[in-house]
Amino acid sequence: MNLDPGMILRRGFLGLVALFLAAPLIVVLSVSFNATRRMSFPPTEFSLRWYGEFFGDYAWMASLERSLTIAGLAALVSVMVALPITYAIWRYQAKAAAVLAGIGGALFLIPGVVAALMLSAFWGVTGHVGRLENVVLSHAIVLLGIPLSLLMVGFRTIDQAQVEAAYTMGARDSDAFRMVVRPAMTPYILCAFIFVFVLSINEYLIAYMVAGFTVQTLPIKIFASMRQGYEPTMCVAAVIFMVMGFSAFTLMSKVADLPRLMGRTRPLED
Amino acid sequence: MSTAEPSLAAASVDQPAKPRWMLAGLLTGPALYILIMAIVPAFLMVQLSLAHREVGGLWSPGFELTQYRQLATPLFARIMGFSLLLALTGAVICVSLAFPAAYFITRMRRRAQVAWLVFLLGSLSLSEVLIVFAFQVLLSTSGTLAGALAAVGLLAPGGALYPNFPAVLTCLVYLLLPYVILFFYPALSQLDPEVEQAATTMGASRLSTFTRVVLPMMRGQILTGVLLVVIFTFGAYLTPLVLGRPPQWTIAIHINNAAMGAGNLPLAAAYAVAVVVFMVALLVLTRLLSRRREAAA
């Protein structure tokens with residue numbers, strides 16, 4: 001047992017950070033299992049009643065389904081846009097691709113409300129208002145920075161010697177792509193997809209300003225219910241978000257080297 | 001986190017000549033999408049901020065500075081001042097918690113690091129709606145926290161823990177902390193452990209190694225971390241709306257109110273343009289500051 005005071009201090013500090021980050025989640029989780037309609041913490045009596053009510057409610061299920069559809073399509077679009085850009089940077093060092101990636105990265109840095117306003121003005125001008133695809137295309141552009149940077153990390157892990165060997169042996173681009181690039185990139189593509197999916201499903205302001213009156217996503221529905229007062233099914237919706245987010249990132253840690261994906265290049269022993 | 005700036009320096013060897021048609025085939029689709037969904041809306045917003053406001057939430061193209069004149073009012077100065085105060089307070093708290101946390105995490109064994117990363121990514125991605133809702137439950141008058149504080153006399157019985165400034169600040173710190181930890185993660189994990197070992201061997205304590213060696217090396221990163229918090233805080237909408245009172249409303253709420261509530265899109269656009277200009281100015285300032293420091297070092 002290591003009783004070095006520095007170690008105790010470090011552990012204590014990280015423990016407090018973890019507790020702070022976990023506290024609101026624990027509260028919501030435990031309130032969701034409470035039997036009473038009143039919001040009370042700590043819960044008094046265990047019950048799955050609100051889960052039954054949530055999954056039996058047409059409006060909640062419709063919002064959940066809508067959010068899942070939007071997130072899936074937005075993730076697909078942004079990965080499909082980021083993939084050729086990052087490939088062109090890696091394979092051809094194309095300046096035009098670097099400019100596109102720069103714009104994608106810059107978009108990630110503008111405050112959410114500004115992006116929301118820009119996009120809602122855009123859809124207003126096109127006259128194509130209040131549609132699901134507006135949210136899909138808006139989420140995909142705002143979150144484009146994520147697949148761009150994750151896929152770039154992926155391309156950098158590809159062994160250049162292997163690619164060169166393939167070309168020396170007379171492989172064409174398509175062969176090299178199939179034999180070297182695709183297998184190496186699959187986990188990164190999957191991670192980029194998961195990351196955009198999770199962020200899209202949680203996003204409120206853009207979805208609300210672009211099509212909030214007609215396309216009620218899960219966050220919009222939760223916020224609308226919040227304004228009408230407390231309802232225990234809201235906690236269930238919140239728990240669903242938590243479960244989806246944490247399982248998505250656990251999955252991500254299984255398919256890819258998470259420390260590397262988050263920017264660590266120095267090797268890390270087990 | 002590295003998502004903020006996709007690095008463009010792709011390491012690569014000599015490649016065959018670029019086939020133009022190949023590049024065109026690869027990039028036309030993405031370029032069109034980015035043009036239509038990012039460049040056009042940005043121009044549109046600038047145009048909108050100069051447009052003429054009509055009744056009933058409508059506007060007609062024009063070139064007038066009516067909306068920008070509203071930026072010269074004490075009201076706007078107060079809103080921006082408050083947003084900046086909130087952002088800087090939040091940044092100081094976030095960075096001083098996140099930096100040591102990220103430092104400790106990067107020194108853990110792999111399994112512990114992966115667990116922390118999953119936890120941080122999971123809490124980072126949680127909807128602002130959800131976090132605000134959780135804080136509402138946590139801070140509610142019927143909650144344990146209020147009860148405990150009332151019991152020790154820190155809170156009047158039946159008193160509320162929100163809406164007020166500390167509630168807004170705490171929730172913002174909560175939302176940003178995982179972001180900022182993950183932002184520091186790559187740079188701190190790149191730090192050569194041998195540098196620290198060398199300092200320790202030469203007799204420096206762990207603490208002074210941290211403050212004299214690690215911190216100065218990370219100045220630029222820390223400044224950028226602060227900037228990240230400021231950008232996010234200026235965009236924060238739900239937190240001040242639910243956990244604050246009107247004096248604690250950030251610029252984001254006013255933009256949204258102008259656009260959705262009052263139907264004055266040109267004013268909302270002028271506010272937004274002002275925010276972007278302000279952000280760019282901060283970005284340039286940060287770059288200059290970190291460059292001067294590097295030059296001095």
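Residues numbered from 1 in each chain as written. Chains lettered and ligands numbered in written order. Predicted model: local features only at pLDDT ≥ 70, side-chain atom pairs only at ≥ 80, totals over all residues.

So, on to the overall build of chain B. From N to C terminus, chain B includes 13 helices and two strands. Taking all 297 residues of chain B together, the buried fraction comes to 43%. (Helix = DSSP H or I, 4+ residues; strand = E, 2+ residues; numbered from the N terminus. Buried ≥ 20, exposed ≤ 12 C-beta atoms within 10 Å, placed from the backbone.)

Another aspect to go through is the overall build of chain A. Tallying secondary structure elements over chain A gives 13 helices and zero strands in all. Listed by position from the N terminus, the elements making up chain A come as α-α-α-α-α-α-α-α-α-α-α-α-α. Seen through its principal axes, chain A has C-alpha atoms that stretch 70 × 65 × 30 Å. Counting all 270 residues of chain A, 49% fall into the buried class. Long-range contacts, defined here as pairs at least 24 residues apart, represent 72% of the contacts in chain A between residues at least 6 apart. (Contact = placed C-beta atoms within 7 Å.)

This part takes up the domain arrangement of chain A. Residue and element names in this part refer to chain A. Parsing chain A into structural domains produces domain 1 (1-47) and domain 2 (56-261). Relative to domain 2, the C-alpha centre of domain 1 lies at a distance of 30 Å. The interface of domain 1 with domain 2 comprises eight residues on the first partner and seven residues on the second. (Domains from an automatic or database assignment.)

This next bit is on the nonpolar core. Among the nonpolar cores identified, the biggest contains 190 residues, and A:Leu117, A:Ala192, A:Val196, A:Ala238, B:Ala134 and B:Val180 are the most heavily contacted of them. Of the residues forming this core, the biggest block, 19 residues, is contributed by helix α7 (residues 165-190) of chain B. Excluding anything up to four places from it in sequence, B:Ala134 contacts A:Pro24, A:Leu25, A:Val27, A:Val28 and A:Ala238. (Core = buried A, V, L, I, M, F, W, Y, C linked by C-beta atoms within 7 Å.)

This next bit is on the confidence of the model for chain B. Residues and elements named next belong to chain B. Of all residues in chain B, 88% have pLDDT values of 70 or greater, and the mean over the chain is 83. Segment residues 1-15 is flagged for pLDDT under 50; beyond a separation of four residues in sequence, or across chains, it makes 43 contacts in the model. Two summary scores accompany this predicted model of the complex, namely pTM at 0.87 and ipTM at 0.87. (pLDDT = per-residue confidence, 0-100.)

The next subject is the packing of helix α4 (residues 110-125) of chain B against α7(B). Residue and element names in this part refer to chain B. Orientation of α4 relative to α7, taken along the N-to-C sense of each, is 135°, at an axis distance of 8 Å. Taken together, the axes of α4 and α7 are oblique relative to one another. As α4 packs across α7, the resulting crossing turns out to be left-handed. On the side of α4, the interface is formed by Leu120, Ser123 and Leu124, while α7 contributes Pro178, Tyr179, Ile181 and Leu182. Class assignment of the residues belonging to the contact of α4 with α7 gives a composition of six nonpolar, one polar and no charged. (Axes fitted to C-alpha atoms, helices over the stretch in contact; angles between N-to-C directions. Parallel < 35°, antiparallel > 145°, perpendicular 65-115°, else oblique. Left-handed = near helix turned anticlockwise from the far one by under 90°. Nonpolar A, V, L, I, M, F, W, Y, C, P; charged D, E, K, R; others polar.)

Let us now look at the packing of helix α3 (residues 74-106) of chain B against helix α10 (residues 219-235) of chain B. Residues and elements named next belong to chain B. Viewed as axis vectors pointing N to C, α3 and α10 meet at an angle of 135°, and their least axial separation amounts to 8 Å. Between α3 and α10, the angle is such that the two are oblique. Seen along the crossing, α3 lies across α10 with a hand that is right-handed. On α10, the residues that touch Ser83, Leu86, Ala87, Gly90, Ala91, Cys94, Val95 and Phe99 of α3 are Ile222, Gly225, Val226, Val229, Val230, Thr233 and Phe234.

Take the interface of chain A and chain B next. The interface of chain A with chain B comprises 91 residues on the first partner and 82 residues on the second. In terms of residue count, the dominant contributor to the side of chain A that touches chain B is helix α1 (residues 5-32) of chain A (13 residues).

The next subject is unusual backbone geometry. Residue and element names in this part refer to chain A. A positive phi angle, near 45°, is found at Gln93, a position not held by glycine. Relative to the helices and strands, Gln93 resides in the loop between α3 (58-92) and α4 (95-107). Assessed through the 15 C-beta atoms surrounding it within 10 Å, Gln93 is described here as partly exposed.

Per-residue confidence for chain A gives a mean pLDDT of 87, with 97% of residues at or over 70. Of all the helices and strands in chain A, helix α8 (residues 160-168) of chain A carries the lowest mean pLDDT, 79, while helix α6 (residues 132-142) of chain A carries the highest, 94.

Residues and elements named next belong to chain B. Residue position: Thr209 is located in helix α9 (residues 206-217). Judged by the 18 C-beta atoms lying within 10 Å of it, Thr209 is partly exposed. Note: C-alpha distance between Thr209 and Glu196 (13 residues apart in sequence) is 6.5 Å.

Note that B:Leu238 resides in helix α11 (residues 238-243). With 197 residues separating them along the chain, B:Leu238 and B:Pro41 place their C-alpha atoms 24 Å apart. Not counting residues up to four positions away in its chain, the partners in contact with B:Leu238 are A:Tyr204, B:Glu128, B:Val129 and B:Val132.

On to the environment of B:Leu267, then. You can see B:Leu267 is positioned in helix α13 (residues 265-296). Each C-alpha atom of the pair B:Leu267 and B:Leu48 lies 8.5 Å from the other, and the pair is 219 residues apart in sequence.

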